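Working through the structure, step by step
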Amino acid sequence: MTVGAHGSDAFLGAVRSGLGDAALDTDAATLERYGTSRLPGGPRGPLAVVCPASTEDVVALVDLARTHRIALWPVSAGENIALGERAPIHAGQVVVDMGRRMNRVLEIDETLGFVEIEPGVTFQGLYDELQRRGSDLMISTTSGPPTGSLLGNALDKGAGHTPSFDQFGSLCGMEIVLGTGEVMRTGDGSYPGAATWHLSRYGYGPVVDGLFAQSNLGVVTRAGLWLQKRPPVIRSFFFAFPDDGDLGEIFEKVRPLRQSGQVAMPVKVTSDLYVAGTEESYPFDAMGGRTPISDEARNALQERHGIGAWMVGAAIYGASEADVNARIDRIRALMEAGGRARYIPHEEAIERPMLKAQVDFFSGVPTSHELGLLKWRDRAGGKGRGATWYLTTCPMRGADATAMQARSRAILAEHGLDYLAAFGCGPRGARALHLIIFDRSDPEECARVSACYRALSNAHGAVGLPVSRTSLDFQQEEMDRREVVPSVLRRLKAVLDPDGIIAPGRYGV
Ligand SMILES: Cc1cc2nc3c(=O)[nH]c(=O)nc-3n(C[C@H](O)[C@H](O)[C@H](O)COP(=O)(O)OP(=O)(O)OC[C@H]3O[C@@H](n4cnc5c(N)ncnc54)[C@H](O)[C@@H]3O)c2cc1C
């Protein structure tokens, strides 16, 4: 049976009487806000917004959705910027705002280093709570919104900028309401009364947790999250490389640093516009209205901000100043050999807001500085802030990075768009992030952005580099490129959510 908006009045009435007035929001301004995103695909208005206050509420909601054949779209904080935010994939679905009323830190275990959280706990919220308690624990910050949720970010396979960057991998033991209405606890949580739910990641038997990442198989109501201990000293380092063509050398130098463990967090390699665009806007006047930006205008930005065509940065966590300084000296020796890199020390970086923001998120301190990128091409007083990610993986080899850069720059330029790229470099692969910033008040530009995304996905896909995370606009297309897994997921969906009421269409399932 197709899930639709049939019986929606009866459903909304039942939600109001079952979950209470506070749980239901059908205010026109709310629906407009929840349906709006920065994506080129435009708004997708929900039928209603429901805000459960407990796991029992979620079970009741799932039950009502099954009875009335209503599609639910769960989000935690709904800050998935440039991927969809709060909007459902199809207009008319009911957004389940898990974060509005379920936002408690349920437990902080200082000794063992974990927390148990509800969906609405944000990066800023947990950071503040740990500070308030004078805790030794620290969060793994992203460069995204501090108002984003730890759980939503992890469930979408987000990445942080600290040694525990693997956000989904830092979850341990989840509570999930399935489309059948069953409440399942993963890992050791399946054992009644287990004291080890948030300690033993794989539990007993098959590991089912992964089924709930980028998924529509259940609604996650709480989870354990491992936190790291704040080290005595955190010290950042940066290098500016002058030319676009230096990217290959950077990858060759960074790979051994990551493989040997000399740098324990993703090394952030960022293009000039990705750094400068956090504070600057597109120079429409200097460019005579033409896009994309010229090399001369880019050079002017590089000079004005004392950055290179590429910026390389990370931080070292250590026991003492002497310890981290010795380690940074060794990294300098490697990076500066060859004469291309200009070293920028921690003391200088913290005086420069563009780099200070990176120092913050390398250190577990939330910052909204990078969100400044959203205004880069806005000519409509805020209404033009369009953004969408193209995210893939680049093998950690110089030749691959060079080829990827050439393909991406050419495709973006053909579409009149700028190259804003950031690589989160690991030992084997780098998360290759392309942020496509555009004026979403211009329908022609929106259409061009969608065409550009497809061209990027086709070109990199043709050499075996698939997308790793994508926006609502392209989730179906990206799943359609895969083999076998889609049909397995459809069969799992039929078992775990027989009426297809949880986020139908999410990630193309
Ligand atoms: C400039 C900029 C920088 C960014 N930097 C980063 C970065 O460094 N790392 C990064 O990962 N992201 C980054 N982002 C992307 C994004 O904004 C963050 O990932 C953000 O934390 C996601 O929002 P959220 O945490 O509120 O998740 P939500 O929007 O609440 O959730 C994300 C998705 O997870 C699923 N989901 C959420 N909650 C539930 C639930 N309870 N049950 C079932 N499914 C659920 C839904 O599919 C939802 O759409 C950046 C964005 C911008 C604009």
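Across its full length, the protein holds 16 helices and 19 strands. The C-alpha radius of gyration computed for the protein amounts to 23 Å, which stays within 12% of the reference 23 Å derived for 509 residues, consistent with globular compactness. Along the three orthogonal principal directions, the C-alpha set of the protein runs to about 70 × 55 × 45 Å. With 509 residues in all, the protein has 58% of them scored as buried. Accessible surface, the protein as shown: approximately 19700 Å² in total, 53% of it carbon and sulfur. Across the protein, the 53 positively charged side chains and the 61 negatively charged ones have centroids separated by 2 Å.

What follows is about the domain arrangement of the protein. Under the domain assignment used here, the protein contains domain 1 (5-100 + 498-508), domain 2 (105-229) and domain 3 (233-470). In this complex, domain 2 contributes 23 residues to the contact, which on the side of domain 3 involves 20 residues. Here domain 2 meets domain 3 over a buried area of about 1700 Å², counting both sides, of which 61% is carbon and sulfur. On the domain 2 side of the contact with domain 3, Ser143, His161 and Pro163 bury the most area, a combined 32% of that side's loss. The interface formed by domain 2 and domain 3 contains one salt bridge.

Time to look at the packing of helix H1 (residues 8-19) against helix H3 (residues 55-68). One can describe the packing of H1 onto H3 by two numbers: an axis separation of 10 Å at closest approach and a directional angle of 160°. Between H1 and H3, the crossing angle belongs to the class labelled roughly antiparallel. Viewed along their axes, H1 and H3 form a crossing whose handedness is right-handed. Residues Ala10, Phe11, Ala14, Val15 and Leu19 of H1 form the contact with H3, whose participating residues are Asp57, Ala60, Leu61, Leu64, Ala65 and His68.

A few words on the confidence of the model for the protein. Here the protein averages 97 in pLDDT, and 99% of its residues register 70 or above. Overall, residues 1-5 carries pLDDT values under 50, and its contacts beyond four positions in sequence, including any with other chains, amount to 10 contacts.

Of note, Asp378 is situated in the loop between helix H12 (353-362) and strand S16 (385-395). By relative accessible area, Asp378 is classed as buried at 17%. Only 2.8 Å separates the side chain of Asp378 from the backbone nitrogen of Ala380, close enough to count as a polar contact. Polar side-chain contacts of Asp378 include one of 3.4 Å to the side chain of Arg385. When residues no more than four places from it in sequence are discounted, the contact partners of Asp378 are Lys383, Gly384 and Arg385.

Next up on the list: the nonpolar core. Ranked by internal contacts, the top residues of the largest apolar core, which has 65 residues, are Trp310 and Phe423. Apart from the residues lying within four places of it in its own chain, the contact partners of Phe423 are Leu247, Phe251, Val267, Lys268, Val269, Trp310, Cys394, Met404, Ala430, Arg431 and Ala432. Grouped together as the second largest cluster of nonpolar side chains are 36 residues, Leu12, Leu39, Trp73 and Met102 included.

Turning our eyes to something else, we now look at the site of the ligand. The local shell around the ligand holds 30 residues, among which Ser76, Ser149, Asn153, Ala159 and Arg506 are the closest. Within the side chain of Ser76, an N or O atom sits 2.7 Å from a nitrogen atom of the ligand. Within the side chain of Arg469, one N or O atom sits 2.9 Å away from an oxygen atom of the ligand. Compared with its free state, where it exposes 960 Å², the ligand has 96% of that area covered by protein.

Let us now look at the sheet that holds strand S1 (residues 24-25). Pairing between the strands of a sheet is mediated by backbone hydrogen bonds and can be parallel or antiparallel. As summarised here, the arrangement of the four strands in space is S1-S2-S4-S3, forming an open sheet in which the pairing is mixed. Each edge of the sheet is formed by a strand with only one pairing partner; in this case those strands are S1 and strand S3 (72-75). Bridging between strand S2 (residues 48-50) and strand S4 (residues 94-97) involves three bridges; their strand directions are parallel. Within S4, the residue paired with Val49 across the bridge is Val95. The sheet strands contacting helix H2 (residues 28-35) are S1, S2 and S4, and the helix crosses S2 at an angle near 85°.

Our next topic: the pairing of S16. For S16, the buried fraction is high: nine of the 11 residues fall into the buried class. Taken together, the 11 bridges between S16 and strand S18 (residues 429-439) define a ladder with antiparallel strand orientation. In the sheet register, Trp389 faces S18, and the bridge partner there is Leu435. Pairing analysis gives two bridges linking S16 to strand S19 (residues 467-469), with the strands arranged antiparallel. Within the sheet, the bridge partner assigned to Thr392 lies in S19 and is Val467.

With that settled, the discussion passes to the sheet that holds strand S9 (residues 183-185). Spatially, S5-S6-S10-S8-S9 is the arrangement adopted by the five strands of the open sheet, whose pairing is antiparallel. Strands at the two margins of the open sheet, each flanked by one partner only, are strand S5 (105-109) and S9. Going from strand to strand, the sheet's axes swing by 15° on average, the running direction of each strand aside.

Working note: a packed helix pair is described by the angle between its axes plus the distance between those axes. The geometry of helix H13 (residues 398-414) relative to helix H14 (residues 443-462) is characterised by a closest axis approach of 10 Å and an angle of 155° between their N-to-C directions. Judged on the interaxial angle alone, H14 and H13 are roughly antiparallel. Considering how the two elements wind past one another, H13 and H14 form a crossing that is right-handed. In this structure, H13 contributes Met404, Arg407, Ser408, Ile411 and Leu412 to the contact, and H14 contributes Cys452, Ala455, Leu456, Ala459 and His460. Tallied by class, the residues present in the contact of H13 with H14 amount to seven nonpolar, two polar and one charged.

Attention now moves to the pattern of salt bridges. One pass over the structure, following the stated rule, counts 40 salt bridges. Residue Asp244 is joined to Arg298 by a salt bridge in which the shortest nitrogen-to-oxygen separation is 2.5 Å. You can see Asp244 sitting in the loop between strand S12 (233-241) and helix H7 (247-259) and its partner Arg298 sitting in helix H9 (residues 295-305), a full 54 residues away along the chain. Residue Asp244 is classed as partly exposed on the basis of its relative accessible area, which comes to 22%.

What counts, and at which threshold
Residues numbered from 1 in each chain as written. Predicted model: local features only at pLDDT ≥ 70, side-chain atom pairs only at ≥ 80, totals over all residues. Heavy atoms only, no water. Helix = DSSP H or I, 4+ residues; strand = E, 2+ residues; numbered from the N terminus. Rg over C-alpha atoms; globule rule 2.2 N^0.38 Å. Buried < 20%, exposed > 50% of the residue type's maximum accessible area, 1.4 Å probe, protein only. Areas by Shrake-Rupley, 256 points an atom, 1.4 Å probe, with all protein chains shown as cover. Lys, Arg positive; Asp, Glu negative; His and termini not counted. Charge placed at Lys NZ, Arg CZ, Asp CG, Glu CD. Domains from an automatic or database assignment. Contact = heavy atoms within 4.5 Å. Buried area = accessible area lost by both parts, 1.4 Å probe. Salt bridge = Lys/Arg side-chain N within 4 Å of Asp/Glu carboxyl O. Axes fitted to C-alpha atoms, helices over the stretch in contact; angles between N-to-C directions. Parallel < 35°, antiparallel > 145°, perpendicular 65-115°, else oblique. Left-handed = near helix turned anticlockwise from the far one by under 90°. pLDDT = per-residue confidence, 0-100. Polar contact = N/O pair within 3.5 Å; in protein donor to acceptor, adjacent residues only side chain to side chain. Core = buried A, V, L, I, M, F, W, Y, C linked by side-chain atoms within 4.5 Å. Near = heavy atom within 4 Å. Pairing = 2+ DSSP bridges. Nonpolar A, V, L, I, M, F, W, Y, C, P; charged D, E, K, R; others polar.

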